[in-house]
Each structure stands twice: as C-alpha cells, then as structure tokens.
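An overview of the molecular structure
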Amino acid sequence: MSTVPAILSGRGLVKHFGRVVGLNGADIDLFPGEVLAVIGDNGAGKSTLIKCFSGAHAPDTGTMEVTGQDVLFRSTHEARLAGIETVFQTLAVSPALDIAENLYLGREIRKQGVLGTAFRMLDRKRMRAEAGQRLQDLGIGTIQNISQAVETLSGGQRQAVAVARAAAFGSKVIILDEPTAALGVRESARVLQLIHDLRERGMPVILISHNMPQVFEVADRIHVQRLGKRAAVVTPSKFDMKDAVAIMTGALEVDEADQALGPVRTPAAV
Amino acid sequence: MIVFTMLNDRFILATNLSLMTQQTVIVGTLAIAQTLIILTAGIDLSIGAIMVFAQMTMANLVVTSEVSNVAGYGWPAALAIAAGILIAMVAGGVNGFLIVRFELPPFIVTLGTLSIFTALTLIFFKARTIQGPEMPDAMTWMGTTFKLGPFTVMTGVLVMLAMYGIFAFILRNTAWGTHIYAVGDDPDAAELSGISTGRVLFSVYCVAGLIIGIAAWITIGRVGSASPNVAPNINLDSITAVVIGGTSLFGGRGTMIGTLLGALIVVVFQNGLALAGYDQAPRVLAVGVLVIAAVALDQWIRKVQG
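Attention here is on the structure that accompanies the text.

Cut-offs and rules
Residues numbered from 1 in each chain as written. Chains lettered and ligands numbered in written order. Predicted model: local features only at pLDDT ≥ 70, side-chain atom pairs only at ≥ 80, totals over all residues. Heavy atoms only, no water. Buried < 20%, exposed > 50% of the residue type's maximum accessible area, 1.4 Å probe, protein only. Helix = DSSP H or I, 4+ residues; strand = E, 2+ residues; numbered from the N terminus. Pairing = 2+ DSSP bridges. Phe/Tyr/Trp six-rings, centres within 6.5 Å; stacked < 30°, edge-to-face > 60°. Salt bridge = Lys/Arg side-chain N within 4 Å of Asp/Glu carboxyl O. Axes fitted to C-alpha atoms, helices over the stretch in contact; angles between N-to-C directions. Contact = heavy atoms within 4.5 Å. Buried area = accessible area lost by both parts, 1.4 Å probe. Nonpolar A, V, L, I, M, F, W, Y, C, P; charged D, E, K, R; others polar.

**Points about the pairing of strand β6 (residues 84-87) of chain A**
All names here are of chain A. Along β6, one buried face is formed by Ile84 and Thr86 and the opposite face, lined by Glu85 and Val87, is buried too. Bridge count between β6 and strand β7 (residues 173-177): 4 bridges; the pairing is parallel. From the neighbouring strand, Glu85 faces β7, where its bridge partner is Ile174.

What follows is the structure in structure tokens.
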C-alpha cells in the first residue's frame, strides 16, 4: 500500500433496500489523477456504491471520506458542494429546457446587483456565453445553438451535455455511470476521448461500465464489485478481460499481493 | 372573431370588447395559478373552492350586523382583504404540503380539498350572499371602471394583466421559473440535478394560493357581491383556458401568454355564440369541442415538428 492519500474512499459500506441487499460492506478508493473503472455483474452494487458518493443514496452503515474528511451526503446537492459531480445513467437532463439552462440547472447564475439579489433575475446572457465556452473547451462545440432544447439533440449530444455539466463544475471527482450504454460506436469513442481529456487534466474519474474493451482502454485501475463487496482491484496491464470476468463471477480469487489496492499513477504525472 | 362580427355586428363594438375582457377576469386570474401548477405536472381542482372560501372570508370579516344579515366582524377593508389572501395562501399550502409530504397525487389531494373548502364555506358562512353596497368601497374597488377612449376598462382587468406580465417574467427569468419547468418535465432529473423538488412544488402551491386570494378580491368587484355560488364551473374553466393555451397537462411545457390567450378564446367563443343567438347549452357544447380540437391540433403540430 502507498502513502498517497486517497481523494475519495469508502469503508464497510452497507445499504439495504427493504430486504434487498445493495451493498454488503463494500470498500472503495480513488487516488488523485486516476481513472478508476468499477465493473461487476448486474446487482453487484456498482450503481449503489457510487450513488452513495453522488448523494443519491445514503449508506446504512460505513464511512466515507473525501480528501481525508468524513462525509455523508443527504442529497446530490451536498455531494456537488463537496466537489463530486455525477453523470447518471438516466443523464438527469431536462428535455424541455435548453442546453445552457441544463448546464446550470440547480446553480443558475444571477444578475449582478439589485436585479439579481432582490428580483432574483437570471443572467441568461452570461450563462449562454459560459456554457458555449465550456462545451468548446471540452471539444464538443459541435452543438451549434446553445439555446437549443435538449430534446432536439441526439443521444450522444445529450451525453456530451451531461458530461460537460459534470466536467465544468466537478472540482474534485467526476463519476460517470454507464456513459456509453446508449450510444453508437462513434459517439462512444467521443465520450472515451472526453474521459482521456479529463485524465490529462488530472481530474480523477470513476467510470462504471459493462463494456470491457472500453474499461481496459481507459482505466488505470479496475475495481471489481461482486455480491455487494469489492472482490478485487486489478490493473489492465497485469490482468486481461477473461480474468476480470472470472473475478466478477467468483471463478477467480486474487491475492491481495497481486491486486492494485494502492495508486498506480504517480501524482507527479498529475 | 371575423365570423362572430359577421353574425352580429355588435360583437366588435367597443362596449362588447370591454365586456369580454371583464368576462375573462375571474377565470383569467385563476388560470395564472392553474398554469403554474400544471407546469409542475400537477392539477388543482380546488381552485374555485379556495377562491370562494377566501372571498367569503373577506366579506364576512369586513361587514357588521348593522348593515348586513350576517354577524360580521367590522374589520377594516385592507385587513380583511389581506386575511382573505392569507387564508387562500394557507389553503394552497395545505394542498402543497399533502402533495409533497405524503407524496399523494395532486388530483386526489385537490379533489379532497375541493369538497373540504366548499363545506367549510357553508359551515362558517352559511349560504348567505353579502351584497356589494353592504361592504366598504375598497372591497369592490377591483370592479370599478374608467373610460379609455371608447373602451370601458375595469381595474381588475388591469391587475390581471399586470399579474400575467409579472408571472411570465418570473417563469422566464428566474431560477425558480426554470426549476418549475424542470420539476414538471422530469422530477427525477431535477432532483438529481440538485433541485429540491419538494420545496419547488410546495412554493408553487403557496404562490398559487396567493393568486387565488387576489382572484377572490377581483371576483367580489366583478360580481358586485360575495356569494358562495359564484362561478360554479370555474375549476374546469381554468383548466380549459390553460389547455387551450397550449400548456401540456404532463408538465414542463407552456407559457403564461398562452393561458391568457386561452382564457380570451373561451370567452370570445362564448360571447360570440351568445350574440349570434345561441343558448347556454350549445355554447357549452362548443367549448367542449374547442378543448378537444385545440389539444388535438397541438399534438398534431408537435408530431409534425418532430
């Protein structure tokens, strides 16, 4: 194990939904600047695990830390204030609103002065300008009109809006839940490129995916979730896809010595 | 309008146009509240009951037994009006609380409060009508009119138009407005985006109550009395105006200006048919056809636009 402190970690997380066990003492660590993939069979607790950190669920027991501080999020808003942005599987975009409105949904920019404080007026112009800039920065400026309703966009473009929203505001961690599940080949490639770019900028990313080739392409470490627990953490260099599937199904157990529980990407590269 | 003018040339006269704006004022004001609620994918069936309860509260607080057949409290008009508006806000708040806290469907909650507030009106105020002359002038101030060229303008109409302007602005230009659309559009997405959907919903029902309270004051002015039996079809009429105005009953889509036009269209239709010599029954029938046609047209346009 290493001395580099984890940027985000969870220990012994338990979450029950009625009689269904979502998490059964799960651990997780995310280190600075890395892309951590979380894989696992359906019902292994991948989504539940990350939803504890994105504020959508609160764990029944267990501890969560973000940059060394104990946290417990009761809403996605609290998680966002702590610097954790999540792109949910359902995207959480509002189809009837336009791109700028969606980017700033829940944290709108108000006008300066009395108009903003007393009349709570939105600074629509500034929101549009900054939204355009943010999409441009992410290399997804192909969406021509920032005042276009999100329902008029393709699946990939919607995904780009959701990722842009996370990337624009996430100060510490970005969580992506199945970002390519509904996308075509070209659109998937663009989202993977986005993850690469985020990594280049030193932004830690948690990626949940079913897509093994994609996981092995972008991840620094792969967290395998099984039966509500962390079964193993491996690196793509030491293990291949077949091993990962074997761990997922319980056919293979990996010694702690062979695992990658500590950071593999040196902070100097960040 | 051209058709109605051909059927009866009194239709386009200034006096009739003035009359039509006055006929719109009650349903038009209530439709503002209904629009806010329908934008959140809700519905308010208790709007008329709350409005009647609020206006009976105002009227009973302000009169005294010397001038009226009810006991009365002899409150100053301003205080009585404020109390009536407050009661309406509390009533709206009760709707909102039940919907948010117990996650009950708005349809069920307001169906219940429709009966409750109708009953409360009868329990507290009996079925007694309080006539305008029994009340101070401030109570019927909304019904006062003045001449503007050939037109007769009612104060309440100006207040209604101002409220349309204010709420159109709020919907368009504030975070609260954006959040109303987001909550109606997809409540889960809104919640995950960090919007407190419960707080937005509750505030919408409270603000709707405020609007209903003001509508109660306008109604006393427009009708010239406070009666428990005023405007019996007002709930459905307000929904009709909102729907004809192009607001989706599924929430998240619609505008204030649409609702204003919707309310005007209904009144123009009714008034035009009345002047053309039709009875009440065919007029009601025509409005029914109009609602279905308007929504069908709206759906078709959306499909064509893709």
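Having seen the model, we can carry on.
**Focus on the packing of aromatic side chains**
Residues and elements named next belong to chain B. Here the structure, examined in full by the defined rule, presents 6 aromatic pairs over all chains. Summarising the aromatic geometry, the rings of Phe97 and Phe102 are spaced 5.9 Å apart at their centres and angled 90° between planes, so their arrangement reads as edge-to-face. Residues Phe124 and Phe125 carry aromatic rings whose centres are separated by 6.1 Å and whose planes lie at 50° to one another, so their mutual orientation is tilted. Using a relative accessible area of 52% as the deciding quantity, one classes Phe124 as exposed.

**A closer look at the pattern of salt bridges**
Residue and element names in this part refer to chain A. Counting across every chain of the model gives 13 salt bridges over all chains. In this structure, the salt-bridge partner of Glu34 is Arg221, at a minimum N-O distance of 2.8 Å. Remark: Arg221 occurs in strand β9 (residues 221-226) and Glu34 occurs in the loop between β2 (20-30) and β3 (35-40); sequence separation between them is 187 residues. Like Glu34, the residue Arg221 is buried in the burial classification. Between Asp220 and Arg199 there is a salt bridge whose closest N-O contact spans 2.5 Å.

**Regarding the sheet that holds β3(A)**
Residues and elements named next belong to chain A. With respect to topology, 6 strands assemble into an open sheet ordered β6-β7-β8-β3-β9-β10, the strand pairing being mixed. Edge strands, defined here as strands with exactly one partner in the open sheet, are β6 and β10 (229-234). Averaged over all pairs of adjacent strands, the angle between their axes in this sheet comes to 20°, without regard to strand direction. For β7 and strand β8 (residues 205-208), the ladder comprises 4 bridges, and the chain directions are parallel.

**Side note on the interface of chain B and chain A**
Each partner contributes to the interface: chain B provides 19 residues, whereas chain A provides 24 residues. Here chain B packs against chain A, burying approximately 1,700 Å² in sum over the two surfaces, 55% of which is carbon and sulfur. Contact with chain A buries area across many residues of chain B, yet Thr178(B), Leu192(B) and Ser193(B) alone supply 32% of it, more than any other trio. The interface formed by chain B and chain A holds 1 salt bridge in total. One salt bridge connects Arg253(B) with Glu151(A), and the closest N-O pair in it is separated by 2.8 Å. Those elements that place two or more of their residues in the side of chain B that touches chain A are α6 (155-173), α7 (175-185) and α8 (187-192) of chain B. When residues of the side of chain B that touches chain A are assigned to their parent elements, the largest contribution, 6 residues, is made by α7(B). Residue composition of the side of chain B that touches chain A, by class: 7 nonpolar, 7 polar and 5 charged.

So, to be careful, I would describe these as geometric facts and stop short of saying anything about function.
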